[in-house]
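An overview of the molecular structure
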Amino acid sequence: MPFRKFFRWGRFALAPALALLLTGCAKHSAWWIFNPRGVGAHASFIYMMIDVGVMLAIVGITALLIIWFMWKYRKGSNRGKYDGKWAHSNTLEIAFWGIPIVAVAFLAWAVSINGSFAVNPYNPTAVTKYVKPKGDPVEIDVIATDWQWLFVYPQFHNMAVANELVVPAHTPVFFKLTSTAVTTDFFVPQLVGMIDVMPGMRTKDALLSNHIGTYQGIAADYCGAGTSWMLFKTHVVSMGDFKQWAKGVEASPNTMDYNQFNRFADPYINVKNKTPEYGHVESGLFNHLIVEVMDGKKWPLPMFMTENMFHYLKLQAAEHRA
């Protein structure tokens, strides 16, 4: 009977631990953030660990002292000496005020100052310090729609790829980001921190990775019915492979002018993970889009997409939209 009761309560105690382990099986793993593969993501991870470490040290030492005091001065132990005239201790005052002041000062210097400059998305020193005087960083314009991503490469014949990002390793990559209507976050957990993407506005971010591989990019903020499918794979490849890939995309016969972009920007749930390529998009599309949105341009969301989403997904599965 005691064993049965222990097992019953043990299940509840183990549930949180099992839930954490199972997150590794999820499509969006909670453990990505603990395996940074980009310079910016690694810097963010280090500063986060410093912050957590200092806080845990303070909380942990405090908890141990509480337990020690409870044990040492427990009733009947005859270990403590009562002094009815005691009123002040310089040692305790220094400890109670000095430790928090030192901790806050250290965090202010190590995290707030150094960390803010290192991972500032508009000019992250963790990335910019690797820019060579005559280097050639890659620039990418990122446009978020309901619910897709379009990545435009102005330096490569203004080519573009939807829902897939390819960047060269060992090379700084600088992003400019905007949106048609949706407000969300651009986030590649293992490579670069999240940054807001907003309609009618331009934000910036930067990425540098020395690790070739494929990483998951996501829309980190809920932004409507298609959020769960607003994903993109990020491929970090060698510079040689990147140039070869860029030549292949530039040779694509598909092009995109502003009218074609309007069709692309219509609300669309990319359940088939389509990644169309465009050999050339209209020059100035990024800036033109910002002006249009500021002037009130809209891409209306059809009611049937949310009122009868199951029927919409069936219709979409049967179509052949690029």
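Just so it is clear, the structure is predicted and the values come from calculations on it, not from any experiment.

Quick look at helix 3 (residues 90-119)
- Between its first and last C-alpha atoms helix 3 spans 41 Å; for 30 residues at 1.5 Å apiece the expected length is 44 Å, and the two agree.
- Taken as a whole, helix 3 carries its principal kink of about 35° at Ala108.
- For helix 3, the secondary structure elements touched by its buried residues are helix 2 (39-72) and helix 4 (125-128).

Notes on the confidence of the model for the protein chain
- Scored by pLDDT, the protein chain has a mean of 85; 86% of the residues are at 70 or more.
- Across residues 1-27 the pLDDT falls below 50, and counting only partners more than four positions away or on other chains, this stretch makes eight contacts in the model.

Things to note about unusual backbone geometry
- With an omega dihedral of -5°, the bond running from Asp146 to Trp147 counts as a cis peptide bond.
- Looking at where Trp147 falls in the secondary structure, it is placed in the loop between strand 1 (138-144) and strand 2 (149-153).
- Even without being a glycine, Asn158 presents a positive backbone phi close to 55°.
- Tracing the sequence through the fold places Asn158 in the loop between strand 2 and strand 3 (159-162).
- Look at Asn273: it is not a glycine, yet its phi comes out positive at around 55°.
- When you line up the elements, Asn273 lands in the loop between helix 6 (258-265) and strand 12 (277-278).

Overview of the packing of helix 2 against helix 3
- One can describe the packing of helix 2 onto helix 3 by two numbers: an axis separation of 10 Å at closest approach and a directional angle of 170°. Judged by the inter-axis angle, helix 2 sits roughly antiparallel to helix 3. In this structure, helix 2 contributes Gly40, Ala43, Ser44, Tyr47, Ile50, Asp51, Val54, Met55 and Ile58 to the contact, and helix 3 contributes Ala103, Phe106, Leu107, Ala110, Val111, Asn114, Gly115, Ala118 and Val119.
- For the contact of helix 2 with helix 3, the residue count by class is 13 nonpolar, four polar and one charged.

Details of the side chain of Asp146
- Looking at where Asp146 falls in the secondary structure, it is placed in the loop between strand 1 and strand 2.
- Among buried charged residues, Asp146 stands out as having no salt bridge; its nearest opposite-charge side chain is Lys298, 9.9 Å away.
- Discounting chain neighbours no more than four positions away, the residues touching Asp146 are Thr180, Ala181, Val182, Cys223, Ala265, Asp266, Pro267 and Tyr268.

So, the pattern of salt bridges
- Per the counting criterion, the structure on display carries one salt bridge.
- Lys176 is paired through a salt bridge with Asp141; the nearest N and O atoms lie 3.9 Å apart. Of the two residues, Lys176 is situated in strand 5 (residues 173-179) and Asp141 in strand 1; the sequence distance between them amounts to 35 residues.
- For Lys176, a relative accessible area of 30% corresponds to the partly exposed category.
- Here Asp141 falls in the buried class, since its relative accessible area comes to 9%.

Regarding the packing of aromatic side chains
- For the structure shown, the criterion picks out 16 aromatic pairs.
- Between Phe186 and Phe232, the ring centres sit 5.4 Å apart and the planes meet at 10°, which makes this aromatic pair stacked. Of the two residues, Phe186 is situated in strand 6 (residues 184-188) and Phe232 in strand 10 (residues 231-237); the sequence distance between them amounts to 46 residues. We note that Phe186, like Phe232, is buried.
- Each residue in the set Trp149, Phe151, Phe175, Phe186 and Phe232 is aromatic and connected to the rest through ring pairs, giving one cluster.

Looking at the nonpolar core
- Grouped together as the largest cluster of nonpolar side chains are 41 residues, with contacts concentrated most on Ile140, Trp149, Tyr153 and Phe186.
- Excluding residues that lie within four positions of it along the chain, Ile140 makes contacts with Phe151, Val152, Tyr153, Pro154, Leu165, Val167, Val173, Phe174, Phe175 and Lys176.
- If you look at the next biggest cluster of nonpolar residues, it comprises 18 residues, including Ile143, Leu150, Met256 and Tyr258.

Reading guide: rules and limits
Residues numbered from 1 in each chain as written. Predicted model: local features only at pLDDT ≥ 70, side-chain atom pairs only at ≥ 80, totals over all residues. Heavy atoms only, no water. Helix = DSSP H or I, 4+ residues; strand = E, 2+ residues; numbered from the N terminus. Expected span 1.5 Å × (residues − 1). Bend = angle between axes of the 7 residues up to and from the residue. Contact = heavy atoms within 4.5 Å. pLDDT = per-residue confidence, 0-100. Axes fitted to C-alpha atoms, helices over the stretch in contact; angles between N-to-C directions. Parallel < 35°, antiparallel > 145°, perpendicular 65-115°, else oblique. Nonpolar A, V, L, I, M, F, W, Y, C, P; charged D, E, K, R; others polar. Buried < 20%, exposed > 50% of the residue type's maximum accessible area, 1.4 Å probe, protein only. Lys, Arg positive; Asp, Glu negative; His and termini not counted. Salt bridge = Lys/Arg side-chain N within 4 Å of Asp/Glu carboxyl O. Phe/Tyr/Trp six-rings, centres within 6.5 Å; stacked < 30°, edge-to-face > 60°. Core = buried A, V, L, I, M, F, W, Y, C linked by side-chain atoms within 4.5 Å.

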